[in-house]
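Notes for the structure review
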Amino acid sequence: MPNNNKVGAALVVGGGVGGMQASLDLAEAGIKTYLLDRETAIGGVMVQLDKTFPTNDCAMCSIAPRLVNIGRHLNIEVLTNAEIEKVTGFAGNFNVTIKKRARYIDLSKCTGCAACVEKCPMEVDSEFDQELIKRKAIYRRYPQAIPSAFAIDKEGVSPCRTACPAGVNPHAYIALLRTGRIKEAHELIKKAMPFSGICGRVCHHPCETECYRGKLLDEPIAICSLKRYITDTIYSTQVAEEVEEEQPPTPTRTEKVAIIGAGPAGLTCANDLVSLGYKVTIFDSLPYAGGMVRRVIPRYRLSPELIDKEVGEVLTDSIKLRLNTAVGKDISFADLRKQFDAVFIAVGAQISRTLRDLPGIEHEGVILALPFLEEVNNSNKPPIGEKVVIIGGGNVALDVARTALRIGAKETNVVCLESWDEMLCHPWEREEAVEEGIKINNSLGPKRLIGENGEVKRVEFLEVASIFDAEGRFNPTYLPNTEKIFDCDTVVIATGQGCDLGFLDGALELTPAGTIKVDPITLETSSQGVFAGGDVVKGPASIVEAVGAGHETAISIDRYLSGKDLKEGRKPQVVVAPEPKTEGLPKKRGVATKRLPPETRKGNFEEVVLPLTEEEAIAEAERCLACAKCCECRECEKACEAKAINHEAEREEWVELNVGAVILAPGYELFDANVKGEFGYGRYPNVITSLEFERILSASGPFAGELLRPSDGTTPQKIAFIQCVGSREVEANYCSSVCCMYATKEAIIVKEHHPETDITIFFTDLRAFGKGFEAYYERAKKMGIKYIRCQPSSIKEVPGIKDLRIQYQNEAGEIVMEKFDLVILSCGLRPPSEAGELAEKFGLELNEFGFCQTGQFNPVETSREGIYAGGLFTGPKDIPETVIQGSAAAAKALSLLSTEKGTLLKEKTYPPEKDVRGEEPRIGVFVCHCGKNIGGVVDVPEVVEYAKTLPNVVYAESNLYTCSTDTAERIKQVIDEHNLNRLIVASCTPRTHEPLFQDTLREAGLNPYLFEMANIRDQCSWVHMHEPEEATKKARDLVRMAVAKSRLLEPLYPKFVSVNHDALVIGGGAAGMTAALELAEQGFETYLLEKESQLGGNLRRVKFLLNGESPQAKLESLIEEVQNHAKIHIYTGSEVLNFEGSVGNFRTEFKSNGDVHQINHGVVIVATGAQEYKPTEYLYGQDERVMTQLELEEKLTNGNIGAKAVVMIQCMGSREEPRVYCSRICCSQAIKNALKIKEKSPDTNVFVLYRDLRAYGFIEAYYRKARDKGVRFIRYELDEKPQVSPDNGRLKVSVHDPILGAKINISCDLLTLAAATIPRDGTKDLAQKLKLPLTGDGFFLEAHMKLRPVDFATDGIFLCGLAHSPKLIDESIAQASAAAARASTILSKQQIQLEAAISEVVDENCDGCAYCIDPCPYDALTLIEYMKDGAVKKTVEVDETACKGCGVCQATCPKQGIFVRNFRPDQLSAMANAALGIG
Amino acid sequence: MKYAYYPGCSLHSTAKEYDRSLRAVCEKVGIELEEVKNWICCGSTPAHTTSKLLSLALPLKNLAEIEKSGFREVIAPCAACFSRFKLAWHEIDNEPRLAAEVEGIIEHKFRDGVKVYHPLDILSNNMGLSKLTELVKNDLSGLKVVCYYGCLLTRPPKVMEFDVCEYPQSMDKILQALGIPTLDWSYKTDCCGASFALTRTEIVLKLSHDILEAAKSVGADAIAVACPMCQANLDTRQEEIEKKYQTTYHLPIFYFTQLVGISLGIPAEKLLLTRHLVDTEGVLEKVR
């Protein structure tokens, strides 16, 4: 694609409400959209909320259908676990590189069935539930998540795993053990370690050395002992249960492999090769298999029975074992090579080194360690004396000493070169030896053996000077004249082992140390096809290393014999898990190793180390810190029937996108309350954040909606909220805008559930500035929620009971200490953590607070063209404003890419619809638990069983969430399997969820109107939550009614209407002009109607702004742009006369400067603005020195005001009857004008008399600036309003200051009143003409306060600017752009599908009484007359484009002459009869 | 490590045990202290309630003497001295005109200035805690202590630049490094009433009572402090508080340096453990 072309695609970064809205608008208007989210699912923070203010709607219920819309949208591609890596290109054509972290689950295969979750043994903190509870390492962020697929949380590999040379996974088997799955744990161990019982006893466990718990906290997990516990438990039950023998795999390969040595390396290799289908022959010179383990490890450490068992399990029939066969003697190495296709040499280091040069070594009574141990193991009792000296200090030396003690030695001395700290033995072995009475003598080297009559009697040692020479070579030197003599009758030489490689006859290259030289990765020797591993390569090492070598060799041999590259992809780089958090974790020491008492060990070979008890093992397993989160036990893989899990997926992958525009909506970060040590968050369990409290309140939250406090699970009786935590401070000099309301909301929710709860909200200013907020705040106070104006400085915890004490100043000015059960910190909103990174990658500017820099007139435009921003990224804001900015950003992208709309879209095709008419109804019923929402009250399984008994019901089942994507798939499958032709979902409400299920029917090839919903949540479980039995009965009734109706359902078919692509914008202020321009830029003809003679509206009166931008210059350029745009048609002096039609096809008649015009258009945007209230108070209108803020602004622009003192009285006409709403803009107006006064004449005293200073968002900084400049802010109470009177040519303002508790008199020259913003005259009239609803305050009422802030309930009509509610200029502009984007989703389409379930007239019943006409809210009905049978017949006609199927007409008709298509009278009767149990 | 040492008046008189124990601990861990010659009063509370210039000139005069004697770093163990020094330096550091004025008064022009340390900072940061762990001689793991930092030591945070202002940790970490369990509590930085002890005794009794009560209720055997005023109020007023509030605490108030000293095996007489009004014997015996 050439670089100068624009691309019809956009990328939205951030899947919260803002990003989701932008995506939907873009995609609906014809732009292919990619929606990227860092998390595994979209939804942002709103999905974590319980309810939303001020309507108390369930947040999840509002947002869930939108999530599903996104998930199902053909032209929105969701990219999760993803982040931006790199951006190149320019506006219209960007190339974006995206890094995607592995999910380890195939999105296309995962059905979201959750079978894996049950199996996962790993519990990690649930981020979604704010770490109040745990979730599994395999998880879905929340039940309704989109995408609905699970994800695995993997953070590399635990250090215990990386430490094991054999590749055993201790993390996983410990996790399985902890969760009681000992069998699975054992199977997992066996995969890597065939000798788990052996290893559980004698392994030197390097895993424990690496354990993070040991390194960071206290002691490592006793991993080795746990392995022994698991194995022993399985073995002991095996005997009891007689488990069936596994059949060995039959050989599938013809190649033969020889293995020399039946030790751990050889046996492991053989085991692996057999399972790959090879034929294996093992040669060993000993009469038994097991190698050194069997030969020399003393029985008190390892019983021969155990060895025989584990070795025997490996030695299946597929392995030919040739014992007593020494290669080099019984068969030559050369012959072996000829007879076999590959050879593995694993003969170990089997010979004891002696001290050939030691004088006296030839004496009788001097023996070597290994032969001695071997003899004892063969149950012989070699002759030893009573006094034994062992030379050497390794593990073998100790084995010898302890064995000697057991077969009769009275005194054993271990003498070694090394000091105590340098000894080569394992410390735990030495500990046991010392316990048993073995004497250890350090730093002594043998000088000579002294004998009598050829029998050794004494050993002479010298003190060691050094062990190694300057080059680090072993070369001990001794101090002269330091002889030390040990009496003895036996001396055992235990100074190391070597390899006997004589049988090779020089066929292979050796190392200087006398071991076989191999490639470190493939273990191939100098001869092709010959491999070597274990001690024969490493020198005397460990069992785990030998087993590891066995595994590696098996891989090499398989590759070699298959002709594959031996090295490719071996030893991949392992990412070690990061250190887990240990801060605050209590220290807990590991389980102590229990041993037989030393005195009972003598004279026998009983196992010294005792096993763990079950309690000990579980407790020890529970100490595991679970680093790396996922332990890769792969239990999930076993559980996943869809085979969706891929643990081997690449950790990261990169995706390249070519898009025309980018919208950044990455959200915000909650202030980290840990920073505020004075509140004890993180230390006091009952101090929680507001978001944690949202989760606690949520029905799907950690306590299933029960109000419980974290420390003890009791219901708090007294709750306090502390506001402004992390806001309005030096480090964050802004207001987070939403906390006052969310705290109020949370308090109200608590009060609704538990009216007896005592709630106090500690606040500074109560900023209830949004639409409907003030009334909500008043409601909260009426409910008894206490608001105390004080910021507590600290919280004290009461030890033991963990209640919290807060000291504050009450209204009377007294210092009070009060105790609370729970304290919620209303944490502020901080810029998203990735803000800096995004800014850098995209080349954007951030503002002083770290949010994205935008302007008052371009609120969603970043400093870079083609990159737009929305939501919290541009500053703290509420949900509707976030949604507005999402749409506004979409509008910008749509304008930029207007020529590319539709170029990259896909279209959805449904399978052909099955004709079910005439078929007997076959009904399927799906009953939803809705988590606990329904399932916690209604007995869902019982309802399912009941449904099955109803007529024509052929199938019924229950679902956790029927609305989830996986259940949709399930429904389709069931429809198909059971040949259903009717579907019923018993769940929440058709209001939000009916379209979703109807679409599922279409996907299953059924007409969507064959669907019926039983509302068993909103109208049942929610309202009868305390009467579960009655609720269940009602749910049965509702399902029975639905079934009765469902049997009578018939398919309906919607009509389509073509769309007129012109737009009408009513109102030519800033909002109207912006909306018009936005639409015109997208290529739509736009009619702009302005009531006044000139454009500009309220903006004409705004002369300056807080941030210094020049509004009048902007207004001028805006008007010019609008006037010069070819696609905008301006009509000033206009008034709407007539309005009719419906979405896509409206017709408006209007008057403009006397002429009447008529236009057809597809959409309407209402932007009629608001106006300033004309006060009647405080001498306004009587004294010219009293003016409104706007009038002051005018005066300030025209020159100096010449006043020594100015008083501003806030809330004039707002926040009290008859206008119980906040006018939102007046506080910032006051600050703005006060600062202007101070700028012009710094000596003028300015007093602002306010109730709450509502300087939300970034305005807070100007509030602080005003205070710094000396503006005095004095609060007054509503019941003690300021009083104004003339005073000696000046004005006297008296006000009661609640802080001083005294009256203040201010003499001033100018009094400014912050007059309310009220609906514009004529709003009511326009609302009637357009049939639009108004709020009680007279502003237009949008479709949904939170999620549809610019839509009306009537399709095709949109709202913006002050006509919606009072707001600042940037908010108006954003809303105007948003309205344009919403309008564009209609205008961009060629046709619109109409509702099929609309009213239908039964002509024979209708006598034209016209009762139905007036009540119709959509003006869809007309009375007509026609000739019938020679007479005039009156009847009613339905406008199919306007009718919404609301059914008001049906309810008013006395003769059953009109009905809504899927609410036919017979259907409703059937329901009524079913309800009454008739028929 | 060698530092100039400014004991201030308290450590030469009422808080002699702080002085002795600090010196002994420093000697043990290899920190050399050289007492400032000709040191004068830091000004404490009276100076800054009298005159701003005086409140700056007094501590800065001391810092000038220290700079003149070639030191760049000084240890000021008394929280009040520490606070006055830090604040004075902060003031002139940010206001060149003020700096010039004060420099005129004290007749010294600072070149590089002197960095002021509290011993808590020295032991926990400059020296490193592992050194303390290595030197432990006596096991005090049976002694449960709450660390009380008082109101002055960390505030205001931008000036003191020392530890976490509202929830300091340094003393806890020092004692923990010695194996002494420290308990979490809510009163680490509350005010004890400080110098109101004489003028508004009832305030001190109330505030110190709250602190003692809190320490007792979390189960502490003793309180560790790092300020002579805190020590004096909590120790010398304890009996009075007990009487007034009809309760008993019997909580010894140790300078943290005394506990460090005991742990490192410094003889009790060198730590002046008998100078306390609430006797320390009972608690210490329990430990041994």
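In case you missed it, the structure is sitting above this.
Just so we're clear, the structure is a prediction, and the values are computed from it rather than from any experiment.

A few words now on the interface of chain A and chain B. Between chain A and chain B, the residue contacts involve twelve residues of the former and ten residues of the latter. Summed over both sides, the interface between chain A and chain B buries roughly 830 Å², with carbon and sulfur atoms accounting for 50% of that surface. Contact with chain B buries area across many residues of chain A, yet R683, K796 and P799 of chain A alone supply 59% of it, more than any other trio. Summed over the shared surface of chain A and chain B, the result is two salt bridges. R683 of chain A is the partner of D184 of chain B in a salt bridge, and the nearest nitrogen-oxygen pair spans 3.6 Å. In this assembly, chain A and chain B are joined by four residue pairs in polar contact (both at pLDDT 80 or more). No other element matches strand β35 (residues 795–797) of chain A, which puts three residues into the side of chain A that touches chain B.

Next up on the list: the packing of helix α29 (residues 940–948) of chain A against helix α33 (residues 1028–1046) of chain A. Residue and element names in this part refer to chain A. It is at 10 Å that the axes of α29 and α33 come closest, and there the two elements cross at 35°. Remark: the crossing between α29 and α33 carries right-handed chirality. Residues E942, V943, Y946 and A947 of α29 lie in contact with α33, whose contacting residues are T1032, A1035, R1036, V1039 and R1040. Looking at the contact of α29 with α33 residue by residue, the classes come out as five nonpolar, one polar and three charged.

A separate point is the sheet that holds strand β60 (residues 1302–1308) of chain A. Residues and elements named next belong to chain A. In space, the three strands of this open sheet follow the order β58-β59-β60, with antiparallel pairing throughout. In the strand order of this sheet, the two ends are held by β58 (1283–1287) and β60, each with one partner. Averaged over neighbouring strand pairs, the angle between their axes works out to 25° when direction is ignored. Pairing of strand β59 (residues 1290–1297) with β60 involves seven bridges; the strand directions are antiparallel. Counterpart to H1296 in the pairing with β60 is K1303.

This part takes up the pairing of strand β38 (residues 822–827) of chain A. When a strand is regular, its side chains alternate between the sheet's two faces. All names here are of chain A. Among the six residues of β38, six are classified as buried, and the element is accordingly described as predominantly covered. Residues of β38 alternate between two faces, with L822, I824 and S826 on one and V823, L825 and C827 on the opposite face, all of them buried. Here strand β31 (residues 687–689) pairs with β38 via three bridges, running parallel. Of the residues in β38, the one forming a bridge with V687 is V823. Summarising the sheet, strand β32 (residues 718–725) and β38 pair through five bridges and their orientation is parallel. Directly across from I719, in β38, lies its bridge partner L822.

Procedures and definitions
- Residues numbered from 1 in each chain as written.
- Chains lettered and ligands numbered in written order.
- Predicted model: local features only at pLDDT ≥ 70, side-chain atom pairs only at ≥ 80, totals over all residues.
- Heavy atoms only, no water.
- Contact = heavy atoms within 4.5 Å.
- Buried area = accessible area lost by both parts, 1.4 Å probe.
- Salt bridge = Lys/Arg side-chain N within 4 Å of Asp/Glu carboxyl O.
- Polar contact = N/O pair within 3.5 Å; in protein donor to acceptor, adjacent residues only side chain to side chain.
- Helix = DSSP H or I, 4+ residues; strand = E, 2+ residues; numbered from the N terminus.
- Axes fitted to C-alpha atoms, helices over the stretch in contact; angles between N-to-C directions.
- Left-handed = near helix turned anticlockwise from the far one by under 90°.
- Nonpolar A, V, L, I, M, F, W, Y, C, P; charged D, E, K, R; others polar.
- Pairing = 2+ DSSP bridges.
- Buried < 20%, exposed > 50% of the residue type's maximum accessible area, 1.4 Å probe, protein only.

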